[in-house]
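Observations on chain architecture
Listed here are the chains, written in short residue letters.
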Amino acid sequence: MVAFAGAGDGPFIDKITELAWKAVKEAASFDEACAAIESSIKATHDEYGRIFQPGSLPYAELVYGVKMQGKSGLFTARGALVKEKSEYDSVGTGYYMANFLAGRMHYTDLSQAQCLILAAYVLYQCKEYVDGCGGESHIVALNEKGGSSTFGPGYSDAITGQLEYTDRA
């Protein structure tokens, strides 16, 4: 399982994730999957970097999770630079606030339900207080026991309504 989120130039993010998804589909192991995605991200930046004028390559930031064979990893790609993260990370205009909130509230023993509420809270705070943050929100969870869960805008909006009420209190 792989889940991608991005910030920056939308069409370029779509292209990067499309090619990374194609590259990872044939992976036979967790390590191979992680290496295939990283290689694809670097190759895409290299290819399009030769097409665009110097300095005008669209910018893309990604945060993505990989789960396979009982192993999981979280990664951030800023341009072609890929780095594994230990617990959480965010990208985009609100990443300072998102990482600040996650740093204060996240710990490794949170349940999936608690993580979903925390994710919705971080999204709510960033949309509320960081200029340029907004739009439709989707939350994806890569489950420890296999499978994934996608929570679309309706779920995020419902939690946000509860958080707005609680935040005022």
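Look a little higher up for the structure.
These notes cover the structure that comes with them. (Residues numbered from 1 in each chain as written. Predicted model: local features only at pLDDT ≥ 70, side-chain atom pairs only at ≥ 80, totals over all residues. Heavy atoms only, no water.)

**Some points on the environment of A80**
Inspection of the secondary structure assignment puts A80 in the loop between strand 3 (71-78) and strand 4 (81-85). Accessibility expressed as a relative area gives 31% for A80, which makes it partly exposed. Residue contacts for A80: discarding those within four places in its chain leaves I41, K42 and H45. (Helix = DSSP H or I, 4+ residues; strand = E, 2+ residues; numbered from the N terminus. Buried < 20%, exposed > 50% of the residue type's maximum accessible area, 1.4 Å probe, protein only. Contact = heavy atoms within 4.5 Å.)

**Remarks on unusual backbone geometry**
Phi angles above zero are rare outside glycine, and Q69 is one such case at about 55°. Along the chain, Q69 turns up in the loop between strand 2 (60-68) and strand 3. The exposure class of Q69 is exposed, given its relative accessible area of 56%.

**Remarks on the nonpolar core**
Formed by 20 residues in total, the largest nonpolar core has its most connected members in I37, I41, L62, Y64 and V66. Of all the elements in the fold, those that place two or more residues in this core are helix 1 (10-24), helix 2 (30-51), strand 2 and strand 3. The leading source of residues in this core is helix 2, at six residues. Filtering out sequence-adjacent residues up to four positions away, V66 remains in contact with M1, V2, F30, A33, C34, I37, K71, S72, G73, F75 and L142. With 15 residues, the next largest nonpolar core counts L101, I139, A141 and L163 among its residues. (Core = buried A, V, L, I, M, F, W, Y, C linked by side-chain atoms within 4.5 Å.)

**Some thoughts on the sheet that holds strand 1 (residues 2-8)**
Spatial strand order, 1-2-3-4: four strands in an open sheet with antiparallel pairing. Looking at the sheet topology across the chains shown, the edges are occupied by strand 1 and strand 4. The mean inter-strand angle of the sheet, taken between neighbouring strand axes irrespective of direction, is 20°. The pairing of strand 1 with strand 2 spans seven bridges and is classified as antiparallel. Across the sheet, G8 pairs through a bridge with A60, a residue of strand 2. (Pairing = 2+ DSSP bridges. Axes fitted to C-alpha atoms, helices over the stretch in contact; angles between N-to-C directions.)

**A closer look at the packing of aromatic side chains**
The geometry of an aromatic ring pair comes down to the distance between the two centres and the angle between the two planes. The tally for this structure, following the rule as stated, stands at four aromatic pairs. Ring plane angle 35° and centroid distance 5.5 Å describe the contact between F4 and Y64, whose orientation is recorded as tilted. Placement of the pair is F4 in strand 1 and Y64 in strand 2, with a sequence separation of 60 residues. Here Y95 and Y96 contribute two aromatic rings whose centre-to-centre distance is 4.4 Å and whose plane-to-plane angle is 25°, an arrangement assigned as stacked. (Phe/Tyr/Trp six-rings, centres within 6.5 Å; stacked < 30°, edge-to-face > 60°.)

**Some points on the pattern of salt bridges**
Pairing of side chains with opposite charge becomes possible as their charged atoms draw close. Counting across every chain of the model gives seven salt bridges. For K42, the salt bridge identified is with E38, shortest N-O distance 2.9 Å. Note that K42 and E38 are positioned in helix 2 at a spacing of four residues, about one turn of the helix. You can call E38 partly exposed: its relative accessible area is 26%. Salt-bridge contacts for K85 lead to D89; the nearest nitrogen and oxygen are separated by 3.7 Å. (Salt bridge = Lys/Arg side-chain N within 4 Å of Asp/Glu carboxyl O.)

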